[in-house]
Amino acid sequence: MANDISGAKPRILAVANQKGGVGKTTTAINLGTALAAVGEDVLVVDLDPQGNASTGLGITRRPHQKSSYHVLIGEADLDDVIIESAIPRLHCAPATIDLLGAELELADFERKTHRLYDAINLLNAKNKRHYSYILIDCPPSLNLLTINSLSAADAILVPLQCEFFALEGLSQLLKTVERVRSTLNPKLVIQGVVLTMFDKRNSLSDQVAQDVREVLGDKVYDTVIPRNVRVSEAPSYGKPVILYDHQCVGSQAYIRLASEVIRRERDLKAA
Ligand code: ADP
Ligand code: MG
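Described in the following lines is the structure provided in the data block. Each chain has its residues counted from 1, running along the sequence as written. Key to labels: chains lettered from A, ligands numbered from 1, both in the order written. Per-residue local features of the predicted model are confined to residues with pLDDT of at least 70, and side-chain atom pairs are confined, for both listing and counting, to 80 or more; whole-chain, interface and lining totals are unaffected and use all residues. Each side-chain value is worked out from all heavy atoms of the structure, with water and hydrogens disregarded.

With that settled, consider the pattern of salt bridges. Salt bridge criterion: a side-chain nitrogen from Lys or Arg within 4 Å of a carboxyl oxygen from Asp or Glu. The final tally for this structure, using the stated rule, is 10 salt bridges. For Arg11, the salt bridge identified is with Glu265, shortest N-O distance 2.3 Å. In this pair, Arg11 sits in strand E1 (residues 11-15) while Glu265 sits in helix H12 (residues 249-270), placing the two residues 254 residues apart along the sequence. Close ionic contact of Lys19 with Glu163 constitutes a salt bridge, the shortest N to O distance being 2.5 Å. Linking Lys19 in the loop between E1 and helix H1 (24-37) with Glu163 in the loop between strand E6 (155-161) and helix H8 (166-183), this pair joins segments that are 144 residues apart in sequence. Partly exposed residues are those whose accessible area sits between 20% and 50% of the maximum for their type, while under 20% is buried and over 50% is exposed, using a 1.4 Å probe and protein chains only. Relative accessible area serves as the criterion here: at 25%, Glu163 is assigned to the partly exposed category. Three or more residues joined by partner-sharing salt bridges are found here, namely Asp77, Asp79, Lys126 and Lys128. Secondary structure elements follow DSSP: runs of H or I of four or more residues count as helices, runs of E of two or more count as strands, with numbering from the N terminus.

Here the focus is the site of ligand 1. One heavy atom within 4 Å of a molecule or strand makes the whole residue count as near it. Around ligand 1, 14 residues are found, and the nearest of them are Gly21, Lys24, Thr25, Thr26 and Pro226. Within the contact set of ligand 1, an oxygen atom lies 2.7 Å away from a backbone nitrogen or oxygen of Gly21. We call two N or O atoms a polar contact when they sit within 3.5 Å, provided that within protein one can donate a hydrogen and the other can accept it, with sequence-adjacent residues counted only if both atoms are side-chain atoms. At 2.5 Å, a side-chain N or O of Thr26 approaches an oxygen atom of ligand 1. Exposure was quantified through the Shrake-Rupley algorithm and a 1.4 Å probe, taking into account, for residues, occlusion by the shown protein chains and nothing else. The fraction of the free accessible surface of ligand 1 (550 Å²) that becomes covered by protein chains is 79%. Looking at the shell around ligand 1, the elements with two or more residues in it are H1, strand E8 (220-226) and helix H10 (229-233). If you tally residues by element for the shell around ligand 1, the top one is H1, at 3 residues. Its residues placed into classes, the shell around ligand 1 shows 5 nonpolar, 7 polar and 2 charged. Three residue categories are used. Nonpolar comprises Ala, Val, Leu, Ile, Met, Phe, Trp, Tyr, Cys and Pro, charged comprises Asp, Glu, Lys and Arg, and polar comprises the others, including Gly.

This part covers the layout of surface pockets. A cavity, in this analysis, means grid points on a 1 Å lattice covering only the protein atoms where a 1.4 Å probe fits yet has no way out; a pocket is instead an open set bounded by protein on both sides within 12 Å along at least five of seven lines, and a residue lines either one if it has an atom within 4 Å of a point. Grid points are joined across faces, edges and corners, and a volume is the space filled by probe spheres set on the points. In this model, the largest pocket occupies a volume close to 500 Å³. Forming the boundary of the largest pocket are 31 residues, of which Gly23, Thr25, Thr26, Met197 and Pro235 lie nearest the centre. For the lining of the largest pocket, the secondary-structure elements that each account for two or more residues are H1, helix H2 (52-56), strand E7 (189-198), E8 and H10. Per-element tally for the lining of the largest pocket: the top contributor is H1, with 5 residues. Partitioned by chemical class, the residues of the lining of the largest pocket number 14 nonpolar, 13 polar and 4 charged.

What follows is the structure in structure tokens.
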């Protein structure tokens, strides 16, 4: 586990959806925390210029801090930028606003779609630290940052908000996954789709959930993340909700999601 140099490769999950505000960052933070809580060694790579995963994990930005941006442009290795969070076994490669310029800067780089892939391989090769899971928090677009994340990932985990246009955006995302699989990363699979911000008092939530399950079948996790005010309060304290209020329904849902993700990983490995 931590500092284990057995060489087992981490499972790399891209938390992606080109829509903003669907729960990507919340899922990266809290799934990461729940995985760490059951003994997994987890690295959250923040690839969103907003840096919400970093701040939500209580990582405060310092001037001149090296970040995922420096990793992508080759000015730092991943292990140079990784910071420990307050949660045991959970580390973060933070994002800074510099990432906004990365897309343009990377345009002329070699292997511009595989910068993160190469950085993670180098991290593994250095054998200093072993992570069992790397979760990549993607920005809300299908830009080069997201492509880097899908090129590096073993699987994509898609948070889907239970609202009217949910399925429409999803088909666009699935096309991108298909394209990445046929060109950049043949091993990319869909780990699963998690329904987020489910509101049981809203019949639309229910209808959307049913529709999504009809279209995607068992790609959709059984676990549904409810809309829960504790979940939205936690980031302002720089804490995952699981630390902020372990008992609340949001925390309990993310803990269940983690065991589902682990189960699926086991099945994928066995297959
Ligand atoms: P994204 O990363 O996809 O843009 P976020 O994870 O930042 O989405 O979530 C968007 C907003 O919704 C944030 O303010 C977050 O705190 C809130 N939020 C996310 N999940 C929940 C939830 N289950 N219940 C209540 N609020 C939530
Ligand atoms: Mg986000």
